[in-house]
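For reference, the chains in residue letters:
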Amino acid sequence: MLRRLFPHPLLSLLLVIFWLMLVGRPALGSLVMALILATAIPLLTARYWPDQSRLYRPWLLPPYLGLVLVDVIKANFQVARIVLFWPPERIRSAWVAVPVTLTSPEAVSILAGTITMTPGTLTADISADGKVLLVHALHAPDPDALRDEVATRYEARLKRIFEP
Amino acid sequence: MMALALTFAFGCFAVALLLNLIHLLRAPTLPDRILAVDTMVVNTIALIVLYGVKTASGLNFEAAMLLAMTGFVSTVAFCKFLLRGSIIE
Amino acid sequence: MSLLIDIALAALLILSGLFGLIGSWGLLRLRDPMQRLHAPTKATTVGVGAAMLAAALALPWANGSFSLGEVLVAAFLYLTAPLTALYLARTHMHRTVDRRSLPQPGTGARWASQDDTLDDA
């Protein structure tokens, strides 16, 4: 019964949190409205969430997001330096094909988003079988190092979250 | 000190908007122009938020939210149009 | 204590202004269309994020009310920036980038945007 009413518990939880943040003040009425929305929206959009992916170690997700946030800020300073001070001829841009071993579509999407948000790299495409990401690097004299960094720094962590 | 920094940030984003406008006018390709418009939207959101700090009111974030949503959807719609020749499939 | 908050807010605001400016400056300065995608999608987003953080810190301090709305807008921008960049990159590849200059996936499959058997773009 509870399962039928809330087919996507995580989505419902997020909706409640977001609605309360949007309203901005904790009141009983807002909580009721949030609960109504958290029930109605997953049911109405169930068509677009065909299969449910499982988080095996959800408690590792916040540390991962923290790591990404720190990386985004750190790496932005590097890109700022390139943009501001380097002569354009010195910037070596490159297309790099980065192989992915993650299987869950959600995990691959998060990895692609992470690659885009860490400055200097940008996900441009994925292979039709979902096994390789096409990444454009602003300055990558050594594409292999880039592949290694993606695999060890982000992919390994995502694997622990999304796979048993 | 904060008032001074606020003025500085206002100036920075105003100049950034101006730079985007220059790029919008002399960009060589259409995707470049979309990128310029998208950056203008994000910079405008920053200006709205800074105005909220200046007037110390929490109401402005709703305007920023709406602009962020419409800006995102319109950028994706522009790109889809260039990719496919139609937006709704 | 209030001096500390003052300094933190000033630093955040200056940082946000600088990153916003760098993003837009990079848009003008970089030569290649794909390179130009890098600066605004990321530096500008960080600039706006810092401004949001300053707003979320400044408002409770100024008038006692606490608002998480700014955090929500920042989260929305951080979630949508990769998607915007992905779509713009695809449009660039579609219109200006020579397909033969791209590396191949190496698994036998083609890139999704060039595979005509796939329905979705």
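Presented here is a report on the structure given in the accompanying data block. (Residues numbered from 1 in each chain as written. Chains lettered and ligands numbered in written order. Predicted model: local features only at pLDDT ≥ 70, side-chain atom pairs only at ≥ 80, totals over all residues. Heavy atoms only, no water.)

### Considerations on the nonpolar core
- With 56 residues, the main nonpolar core has Trp95 of chain A, Ile45 of chain B together with Leu13 and Met52 of chain C as its most contacted residues.
- If you tally residues by element for this core, the top one is helix α2 (residues 30–55) of chain B, at ten residues.
- Apart from the residues within four sequence positions on either side, methionine 52 of chain C is in contact with Ile45 and Val49 of chain B together with Glu70, Val73, Ala74 and Leu77 of chain C.
- Core analysis: the second largest hydrophobic core is formed by 38 residues, Val72, Val96, Leu111 and Ala137 of chain A among them. (Core = buried A, V, L, I, M, F, W, Y, C linked by side-chain atoms within 4.5 Å. Buried < 20%, exposed > 50% of the residue type's maximum accessible area, 1.4 Å probe, protein only. Helix = DSSP H or I, 4+ residues; strand = E, 2+ residues; numbered from the N terminus. Contact = heavy atoms within 4.5 Å.)

### Describing helix α2 (residues 9–23) of chain A
- An ideal rise of 1.5 Å per residue puts 21 Å on 15 residues; α2 of chain A measures up with 21 Å between its terminal C-alpha atoms.
- Along α2 of chain A, the residues that are buried comprise Leu11, Ser12, Val16 and Met21 of chain A.
- Tucked into the core, α2 of chain A has its buried residues touching α3 (28–44) of chain A together with α3 (69–95) of chain C. (Expected span 1.5 Å × (residues − 1).)

### Notes on the sheet that holds strand β2 (residues 121–126) of chain A
All names here are of chain A.
- Taking strand neighbours across the sheet as the criterion, the three strands line up as β1-β3-β2 in an open arrangement whose pairing is antiparallel. This sheet does not close on itself; its edge strands, each paired only once, are β1 (94–99) and β2. Averaged over neighbouring strand pairs, the angle between their axes works out to 30 degrees when direction is ignored.
- This element, helix α5 (residues 105–117), spans β2 and β3 (132–137) of the sheet and lies at about 145 degrees to β2. (Pairing = 2+ DSSP bridges. Axes fitted to C-alpha atoms, helices over the stretch in contact; angles between N-to-C directions.)

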